[in-house]
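Chain by chain, the residues:
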Amino acid sequence: MVKQTIQIYARVKPSRRPPGIYSISNEEAAASSLEIIVPRDLADGFVNNKRESYKFRFQETFDQETKQEAIFESIAKPVAESVLTGYNGTIFAYGQTGSGKTFTITGGAERYSDRGIIPRTLSYIFEQLQKDSSKVYTAHISYLEIYNECGYDLLDPRHEASKLEDLPKVTIMEDPEQNIHLKNLSLQPAATEEEALNLLFLGDTNRMIAETPMNQASTRSHCIFTIHISSKEPGSATVRRSKLHLVDLAGSERVAKTGVAGQLLTEAKYINLSLHYLEQVIIALAEKNRSHVPYRNSMMTSVLRDSLGGNCMTTMIATLSIDKRNIDESISTCRFAQRVALIRNEAVLNEETDPQLVIVRLKKEIQALKDEIVLITGEQRTSDLTPDELQRLEEQLHNFLDDVDRDSVLEVGADMRKIHYCFGFFKRFFHEKKSSDSGGSSPERPATTSARPEEMKKLRDLLQQRDNEINILVSMIKKEKRRNQDAAYKIPSTPPRPHTGPKGEGNSVQRGLQDTATPSGGDTRPIALHRKTGA
Ligand code: ADP
Ligand code: MG
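Residues numbered from 1 in each chain as written. Chains lettered and ligands numbered in written order. Predicted model: local features only at pLDDT ≥ 70, side-chain atom pairs only at ≥ 80, totals over all residues. Heavy atoms only, no water.

**Overview of the overall build of the protein chain**
Selection rule: Numbering goes from the N terminus for both helices and strands, where a helix is a DSSP run of H or I of at least four residues and a strand is a run of E of at least two. Only protein chains enter the area calculation, which uses a 1.4 Å probe; residues under 20% of their type maximum are buried, those over 50% are exposed, and those in between are partly exposed. Residue contacts are defined here by distance: any two heavy atoms, one from each residue, within 4.5 Å place the two residues in contact. The Shrake-Rupley method, run with a 1.4 Å probe sphere, supplies the accessible areas, and residue values consider only the shown protein chains as cover.
A tally of regular secondary structure across the protein chain gives 16 helices and 17 strands. For the protein chain, the residues scored as buried account for 40% of the 535 residues in total. For the protein chain, the share of sequence-separated contacts (at least 6 apart) that also reach a separation of at least 24 residues comes to 70%. In the form shown here, the protein chain has an accessible surface area of approximately 31,400 Å², with 53% of it arising from carbon and sulfur atoms.

Listed below in structure tokens is the structure:
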């Protein structure tokens, strides 16, 4: 994590008349001070305390002669470098209309050397991406214009916009984790510097065409050009994603110049309400124990939420057009910058793991491990046991259970599938035993998945044997009955001898048995008969 306050720089726009109303001292190593001297004729009506000079500290102050190249090297290149390593970055230009915001961020159209931060940064980034073959990079571009609290996609390829309102409208969505998503803002892929520059050109063309004197879009709207970069090492599931916002804000000038002594700087209103909200966010962030920051008041502060007091390395360029007429605006721009400099951001490396890539990696790993098993055991393993393996394993389990020797062991080898199957078998056995102990039928071994044929045969034989026994008994009863009847005919004076207990029970047994009986010989064992029929 990189904790850093927002870096502030000042850039003074060239003016024809040498003003002599400011001075820059870049004596210190990491700071410079800009002194604005209020001319005598203005000083009286300017502020209450009649101060004649104002000093502001910046990381660096760039004088009128500073070339675009130098601005890129000092301000943008360090930010682009950290974006390439996976941190978010933002560079925004703030200043009154005509002070050089667009010139600094996008550049001047006349000379190639007037190229601003966006084209130079694109050039630098793509050069770095090409150099680094250790990673796979992808880059996307988006370009958003916010005018009057409405977002417009400047890169929509389907539109030949003639008005700003013709462009697709972009809206803000917030997810449960309070992350901001921009609905309808297209992310255009850019594989080369040229493709990215074409996108910048398309966006700038839309920006220009959409502007009418009525809406004064360039002075009242914010434009956010964003480079989205993702990178990963080949074969790795970790992806780094970072964003670089290059922001050209609306003009910061105030509407009414009251001219009333002492009131100019305190009562002035912003021409642009969202810049007013930006200021409120910045004031809130600069206050120490402030818990609520009013990001949501405007679309621009919502979109730049991370850049202001969040996960981002942010840089502000205060553009100044210091001449007599604009001295108050220049001072207010510098004051704004001083407050911005108090904001502390915490940029983190944006690394995440892509689940799809993890799956691919794990599949590869599983295959490698399977190959290793084949190599070690010499047998090919499927994810389930084959029917053959199952049958063998069940035989082993039955033999193990039948074996009365306490020291006998069950050897299934180093095969987790078999080990898990055995545990499952014993678990079922245990549960069946438990339920039989609490009043169920006698414990049986758990049903194995396939009934063995020899066991079936054993059971059928047993059944047959029982049938035979029943038949023998039935024929015995019949014989007995006949004998009794014969005896009754021969000796009519003798009363019949009851031999099967109470009359009703005996009758019912005989009736039931007569239906199925087929006589066959055998010995007579009345006790066995009693036990069977009573059951
Ligand atoms: P803003 O976007 O702040 O309204 P611009 O960037 O459009 O201001 O600048 C206004 C004019 O001044 C443009 O014509 C621009 O080319 C010119 N300009 C601004 N800054 C510089 C500079 N540093 N060097 C040369 N010309 C500049
Ligand atoms: Mg501009």
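**So, the site of ligand 1**
Operational definition: In these notes, residues near a molecule or strand are those with any non-hydrogen atom within 4 Å of it. Two N or O atoms form a polar contact when they lie within 3.5 Å of each other; inside protein one atom must be a possible hydrogen donor and the other a possible acceptor, and for residues adjacent in sequence the pair counts only when both atoms belong to side chains. Under the convention adopted here, Pro, Cys and the residues Ala, Val, Leu, Ile, Met, Phe, Trp and Tyr are nonpolar, Asp, Glu, Lys and Arg are charged, and Gly plus all remaining residues are polar.
Close to ligand 1 lie R11, K13, P14, Q96, T97, G98, S99, G100, K101, T102 and F103. G100 has a polar backbone atom sitting 3.1 Å from an oxygen atom of ligand 1. K101 is positioned with one of its backbone polar atoms (N or O) 2.9 Å from an oxygen atom of ligand 1. Contact with the protein chains hides 65% of the accessible area of ligand 1, taken as 550 Å² for the molecule alone. Looking at the shell around ligand 1, its residues break down into two nonpolar, six polar and three charged.

**Some words on the pairing of strand β9 (residues 150-153)**
Quick reminder of the rule: Pairing between two strands is assigned when DSSP locates at least 2 bridges connecting them.
Bridge count for strand β8 (residues 136-147) against β9 is four bridges, and the pairing is antiparallel. By the bridge assignment for β9, I146 is matched with G151. Where β8 hands over to β9, the hairpin turn is made up of two residues, of which N148 adopts a positive phi near 55°. By the bridge criterion, two bridges tie β9 to strand β10 (residues 169-174) in an arrangement that is antiparallel. Bridge pairing in β10 places G151 opposite V170.

**Here we look at the sheet that holds strand β5 (residues 53-58)**
Strand-to-strand pairing in sheets goes through backbone hydrogen bonds, with the strands running parallel or antiparallel. What counts is decided by this rule: All axes are obtained by fitting lines to C-alpha atoms, using only the stretch in contact for helices, and the reported angles, taken between N-to-C directions, cover 0 to 180 degrees.
Spatial ordering of the open sheet is given by β3-β4-β5, a layout of three strands whose pairing is antiparallel. A strand with exactly one partner marks an edge of an open sheet, and here the two such strands are β3 (22-25) and β5. On average, each strand axis in the sheet is tilted by 15° relative to the strand beside it, whichever way the strands run. When strand β4 (residues 32-37) meets β5, the two strands line up antiparallel, connected through six bridges.

**Some thoughts on helix α4 (residues 117-131)**
Filter applied, for reference: In this scheme, a helix's expected span is set at 1.5 Å multiplied by one less than its residue total.
The terminal C-alpha atoms of α4, which comprises 15 residues, lie 21 Å apart, in line with the 21 Å expected from a rise of 1.5 Å per residue. The buried fraction of α4 amounts to twelve of the 15 residues, a majority that puts the element mostly inside the structure. Every buried residue belonging to α4 is among I117, I118, P119, R120, T121, L122, S123, Y124, I125, F126, Q128 and L129, and all of these are buried.

**Focus on unusual backbone geometry**
Comment: phi is negative for the bulk of residues other than glycine, and the bulk of peptide bonds are trans. The phi torsion at E149 lies on the positive side, around 70°, for a residue other than glycine. A positive phi angle, near 85°, is found at N184, a position not held by glycine.

**Some details on the packing of aromatic side chains**
The condition that has to hold: For Phe, Tyr and Trp, where Trp contributes only its six-membered ring, two rings pair if their centres lie within 6.5 Å, and the inter-plane angle classes them as stacked under 30 degrees, edge-to-face over 60, or tilted in between.
A complete count under the given rule lists six aromatic pairs for this structure. Here the aromatic rings of F72 and Y124 are separated by 6.0 Å at their centres, their planes lie at 65°, and the arrangement is edge-to-face. Within this pair, whereas F72 is found in helix α2 (residues 68-85), its partner Y124 is found in helix α4, the two being separated by 52 residues in sequence. Since its relative accessible area comes to 11%, Y124 is described here as buried. Taken together, the aromatic side chains of F400, F425 and F426 make up a single cluster linked through ring pairs.

**Observations regarding the confidence of the model for the protein chain**
Keep this limit in mind: For every residue, the predictor reports its confidence as pLDDT, a number between 0 and 100.
For the protein chain, per-residue confidence averages 82 on the pLDDT scale, and residues scoring 70 or more make up 81% of the total. Counting interchain partners and residues more than four positions distant, the pLDDT-below-50 stretch residues 257-268 has 21 contacts. Considering only residues more than four positions removed or in separate chains, one finds that residues 500-535, a stretch of pLDDT under 50, has 35 contacts.

**Let's talk about helix α10 (residues 327-340)**
Taking 1.5 Å of rise per residue, 14 residues should cover 20 Å, and α10 covers 20 Å from first to last C-alpha, within 8% of that figure. What α10 keeps buried is the set I327, D328, E329, S330, I331, S332, T333, C334, F336, A337 and V340.

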